[in-house]
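# Per-entry structural report
Below are the chains, spelled out letter by letter.
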Amino acid sequence: MKKLSLVFAILLALQSFSQEKSFEITGTLKAEDTELPLESATVYLERVKDSSVVTYTITDKNGKFKIENSTYDKSLNFYVSYVGYKTYFKEIVIDKDKIDLGTIVMPLDNQLGEVLVKSTAPITIKKDTLEFNVKSFKTKKDANVEDLLKQLPGVEVDEEGNITVNGKSVNKILVNGKPFFGDDPTITTKNLTKDIIEKIQVVDTKTKSEAFTGEEGDKENKTINLTIKEENNKGVFGRVSAGVGTDERYEFAGMINLFDNDRRISVLAGGNNTNTPGFSFGEISKMFGRGGGVSFSSNGSFTLGGRSFGGGEGITTSQNAGVNYADIIGEKTDVSADYFFSSSNSENETSSERETILSDSRFFTNSNSKSDNDTDNHSFNLEFEIETDSTFQINIEPSFGYSTSRTRYRSYEETLDEDLLLTNQSNVNSNVESAVRRFSNQISVTKRLGNKGAFIKAELETSINQQDSDDYLDSNTEVFGSNPENIDRNQFTDGEKNSYGISTELSYRLPIITKKFFLNLEYKYARDKDKNRESTFDFDDGTQSFTDFNTDLSTDFQYTDYRSIPSAGLSYRGEKLSTSFNLGYNMRTLKNEDLLRPQFNVERDFENIEANSYISYTFSPKSSIYINYWLENEPPGLRQLQAFEDVSNPLQTVIGNPNLEPSNRHSFYAGYNGFDWQKRTGFYVGINASISDNQVVSKTIVDPETLKRTTTYVNVDGNYNIGAWANYNKDFKIDTLRTIKLKFRASYNSSKTLNFNNDVKYASTSDRISPRLGIDFIWDKVLEFKPYYQISYTNTAYDIEAFDNRQFTSHNAGVRTATFLPKNFEWRNDVNFNYNPNVADGFQKSAWFWNSTLAYSMFKDKAIITLKVYDLLNQNTNARRIATQDYIEDRQSTVLRQYFMLSLSYKFNSLGSKGETRGSDMIYFD
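Residues numbered from 1 in each chain as written. Predicted model: local features only at pLDDT ≥ 70, side-chain atom pairs only at ≥ 80, totals over all residues. Heavy atoms only, no water.

### Here we look at the overall build of the protein chain
Using the following cut-off: Numbering of helices and strands starts at the N terminus; helices are DSSP runs of H or I of at least 4 residues and strands are runs of E of at least 2. Burial classification: accessible surface area is computed with a 1.4 Å probe over protein chains only, and a residue below 20% of its type maximum counts as buried, one above 50% as exposed, and the rest as partly exposed. Two residues form a contact once any of their heavy atoms are found within 4.5 Å. Throughout, the Shrake-Rupley method with a 1.4 Å probe supplies accessible areas, and for residues the shown protein chains are the sole cover considered.
Counting its regular elements, the protein chain contains five helices and 50 strands. A burial count over the protein chain gives 48% of its 926 residues as buried. If you take every contact in the protein chain between residues at least 6 apart in sequence, the share linking residues at least 24 apart comes to 65%. Surface exposure of the protein chain reaches about 42400 Å², of which carbon and sulfur atoms provide 53%.

### Examining a nonpolar patch on the surface
Our working rule: Nonpolar side chains (Val, Leu, Ile, Met, Phe, Trp, Tyr) within 5 Å and like charges within 9 Å form the patches, drawn only from residues with over 30% relative accessible area and no salt bridge. Put simply, a salt bridge is a Lys or Arg side-chain nitrogen that is within 4 Å of an Asp or Glu carboxyl oxygen.
The grouping of Leu577, Ile615, Tyr617, Phe619, Ile627, Phe668, Ile687 and Ile722 at the surface amounts to a nonpolar patch, some 610 Å² of accessible area in total. Residue placement: Ile615 occurs in strand β32 (residues 602-620).

### Focus: the packing of aromatic side chains
Basically, it comes down to this: The criterion for an aromatic pair is that two Phe, Tyr or Trp rings (for Trp, the six-membered ring) have centres within 6.5 Å, with stacked assigned to planes under 30 degrees apart, edge-to-face to planes over 60 apart and tilted to the rest. For a lysine, the NZ atom is tested; for an arginine, the CZ atom; a charge sits over a ring if that atom is within 6 Å of the ring centre and within 35 degrees of the ring normal.
Scanning the model with the defined rule gives 25 aromatic pairs in all. Centroid distance Phe825 to Tyr856: 4.8 Å. Interplanar angle 45°. Geometry classified as tilted. Of this pair, Phe825 sits in strand β45 (residues 825-835) while Tyr856 sits in strand β46 (residues 846-858), and the two are 31 residues apart along the sequence. Taken together, Tyr472, Phe492, Phe539 and Phe546 form an aromatic cluster joined through their ring pairs. The positively charged end of Arg448 is found above the aromatic ring belonging to Phe212, 4.3 Å away from the centroid.

### Some points on the sheet that holds strand β3 (residues 53-58)
How we decide: A pair of strands is treated as paired once DSSP finds two or more bridges between them. To obtain each axis, a line is fitted to C-alpha atoms, and for helices this fit is confined to the stretch in contact; angles are then taken between N-to-C directions over 0 to 180 degrees.
Strand order across the open sheet formed by four strands is β3-β2-β5-β6, with antiparallel pairing between neighbours. Both outer strands of the open sheet, β3 and β6 (88-93), are each paired with one neighbouring strand and no more. Each neighbouring strand pair of the sheet contributes to a mean axis angle of 20°, computed without reference to strand direction. Alignment of strand β2 (residues 42-47) against strand β5 (residues 75-81), held across six bridges, turns out to be antiparallel. Counted as the bridge partner of Tyr44 is Tyr79 from β5.

### Describing the environment of Asn550
Looking at the element boundaries, Asn550 is found in the loop between β29 (545-549) and β30 (555-573). Since its relative accessible area comes to 15%, Asn550 is described here as buried. Taking the C-alpha atoms as reference points, Asn550 and Phe492, separated by 58 residues in sequence, lie 10.0 Å from one another. Sequence-distant contacts of Asn550, defined by excluding residues within four places in its chain, comprise Gln491, Thr536 and Asp538.

### Remarks on the side chain of Arg604
Defined as follows: Distance and chemistry together define a polar contact, namely a pair of N or O atoms within 3.5 Å, with one atom able to donate a hydrogen and the other to accept it when in protein, and with adjacent residues in sequence counting only for side-chain atoms on both sides.
Here Arg604 is to be found in strand β32. A polar atom in the side chain of Arg604 sits 2.8 Å from the backbone oxygen of Pro658. Apart from residues lying up to four places away in sequence, Arg604 is in contact with Arg588, Thr589, Leu590, Pro658, Asn659, Leu660 and Glu661.

What follows is the structure, encoded as C-alpha cells:
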C-alpha cells in the first residue's frame, strides 16, 4: 500500500508539471522624484489564492528586471518593493510566455493621496542590512533556524554548522538584538524553531560601542539578528528528546523558553555518550558527531562559542545544563546573563609510528598511550548596556568561570636508529588534578559629541586566571649504547600558574568632513603578568612520602609584558568607498624574574611600529571588494626566553634564549564577494599572505648515539604563507518544485618555513591544492540528492639533499540523501568515503562511513520518533598521516563505533497573543 501511495504521489506531481505554463516578465523601475533607475528593488510574485511566494528577483543597476518561472495559476499578484517608496501592485494574467511591463514609476512613500498596498517582500536590501522575510522560504517539517538558513539565497551552512553569507563568515547570532546563550551561533541555530521567527537580518559585526557611535564594523564577519514575531513575544515554547541504543549508547536533551515581551528566560539540559553536545536537538540528522574516514579523526571534545564540552580525543560521555536571561531594567538598561555547567569523561587510546629525518641520518619512534579525563566546568557571563541619554552609553561585561579536571595517563615509547636498533625507551604513568578559576571584565564608556560623528571612548579590560595542580608522576627511562642510563622518577609536583592582565584604551574621533572623514587618535596601555611555580618533590623511601625537594625540576618565576602604544589614523566612510589607515608605536618591556635562579633574570626593551589599514568598495548590493594590510609584532614566549635547562623530559632538554627578539608579521588580505540575485549565482574569491621577520623557531640537536634531543630557540627571517580560494555556486530552477544547485570551491596554499636540523639550517616549501565539487538535486517534499567529491594534493620540497621531497594525496567523496515520502516519513542518509594511499602499512588506508536515520512525525509534527544508525558499515577509523618539516607520523586513536538508537522528541509552543498551543507552522509552495 505504501509503494502504491508513492507511485500515485509521483504521478500526480508529473501531471501537475504537464499543466504548468512557463513565463517571463520583464520591465524597468524608475524613481518618480529623481527619474533615475532603482537598483536592488525587490520584484516578486505571489499566488492569488493564498499569497504564497512563487518567485522573486532584484533589479540591476539600470533598474531592469527579468523574472522567470512556471505556474498552473491563471493569474499572479505582482509586487515591487523598495525602501522609501510605495509598494507597487498589479494582478497579472499569465496568458503568454513573455510579458513586458515597460517602465514602472515608483512614487515616494510620504506622498499623500495614494493607496498603499501592504505586502512583505521576500528580500529587502537596505544600505547596510540584508533582510529576509521568513514566511517566503520553504522548509521541511520540524525545521529549526539552521534548516531555514540553508534555504536563503547567498547563505551557506556547512556540516559543522558554520555559516557564511555571500562568502563572509557569521560569527554572532542575536535574538531580537540580544545575545542568546552568549552569542553562541550553534546553540541558537540548532535549538530555536523556524516557526517563531519573522525576519532574518544580516549586518556587519559590530561591538555595542561601534553600533552606538556609527563606526565601521568588522567588514569580513557578519551578524545575524533573528526577529521574533510580535505575537510570539509572550508565551512558552520548547522541546524534549531522549534516545536509547545498542552498546549502552544514550542521549537526552531538553529546552524550555519563556518569552514575556522584553524578558526572555531559556533553560536547557542534556547528556549523551555519543560525542555530541548534550543539548543538540537533531531528531533527523544532527545528533551524529562527525567522524570516520582516513583523512580526519573522530574527536570526543567539542567547543561552542568559546565553551568546551568534552575532554579530548576518544569517546566522551557528557552532561550539560544552562540558563539564559535577557531583560530591560527600567528604560535605560539592557541586561543579559547566562550560566553553563558541563561535565564530561573522555577515554582514548592512541598508537603512532613516526619517522624523524636528520641531515645525516634518521630514526624511528613507536608509541602507545591511554588516557582517561574527567572535567567539570562552570561559567557565568553578564552584559549590561546602559544609555543614560542618546549621547552617552556604558557597557559592562563581566565573566566568571571555575573548572576542575583529573587526567590519568600512561604511555610506552621506544626509539630505534636507522638500523632499527633499540636506542631508548620509556614508560610513563601520571595522575594530574587541577582547578582553574577565571574572571574577566570589559567596561566601555562612550560619549558622542555633537551630530557630526565625533566621540570619545574609554575602555578597560581586566582578566585573572588562577590554576592549581597536583601532578603525580611515575616513570622509567632507559638509554642504551656505550653509556647506558636508567632513570627512575617517582615524584609529586605542586603547581601554581596565575595570570593577571589589564588593558586601558582611550579613543577620540574628530570629524574633518561631517560623518564622512575622520581623524582618529588612540592611546593604549597594557600589562600582562604571569606567575608560574612548580615545586617538585621526590619520593623518600625512608619517610614513605614526597619530601625531597628537586631543584632541577622545579621552577618559580614571574613574566611581565608591558606595552604603551600611542596611535593615530584617518578614516573615510562614503556611500560606496570606506577606508582607514592607522599607525601606532609600540614601546614594550619584557621582564622575566627567576626566583630560584636569579642569574637567569632578563629584562628587555623593544620599540616597534604597528599599522592597520583597509579599503572597502561596494560596487552594488550584489558585489564588493575588500583589501586589508596590517603589521603586528609578537613577543617570544616565556619558556622560549628562560635560559635554564628544562630536563623534565629525560629524553628532551629545552634551553631558552634570553636574546630573542619579538617577531614582526606583515599580513595582506584581499577578497571579492559577488551574488547575482537575478541569476542566483554566487562567486567569492580571496587571497591572503603573511611574511614574518624575526620569527621564533626551535633549533634541535640530536645525540647520534642516544638520540636524546636538546632544543633551544632562535630568530629567523623569510618565513611566509600565501593562500588563495574561490567559491562558485549557482541554482538552476527546473520547475516550481525541482532545483539543481552547483557548488564548487577550491583552495591553494603555499608556505615557506626556515628550520634547523642538527645545526643545519634549511628551508621547506609546501604547496597544497584542494578542489571540491558538489551537485545538489532538490525535489521539494519528495527527495534530496547531494553528491560531492574532493581531492587534496600536497607537495613539500626541501633545499637540502638529506630530505626527499614528499607528495601526499587524499580523496574524499560522499552523498547525502533525503526522501520525504510517504507522508510524515523522512529518511536521511550520509555516506562518506575516504582514501589516503600514503598511510603506512598497518594503518587503514580507506573507509566507508554511513549514517542513516528514519523519522516519523506525529501529532501535527509536534512529536517525532527516529531510528538512527551510526557507522552502518562499521568501518569508522581516524587513521591519519601528519607531515612536518622533519618528520612523518602515522597516528590512530579511539573512535566511536557502530550503534543503533531509537529516539523520541516532542516540542510544545504556547506563543501567541491568545496563548493557544500550536504545532509547526510549516509553509510549502506549489
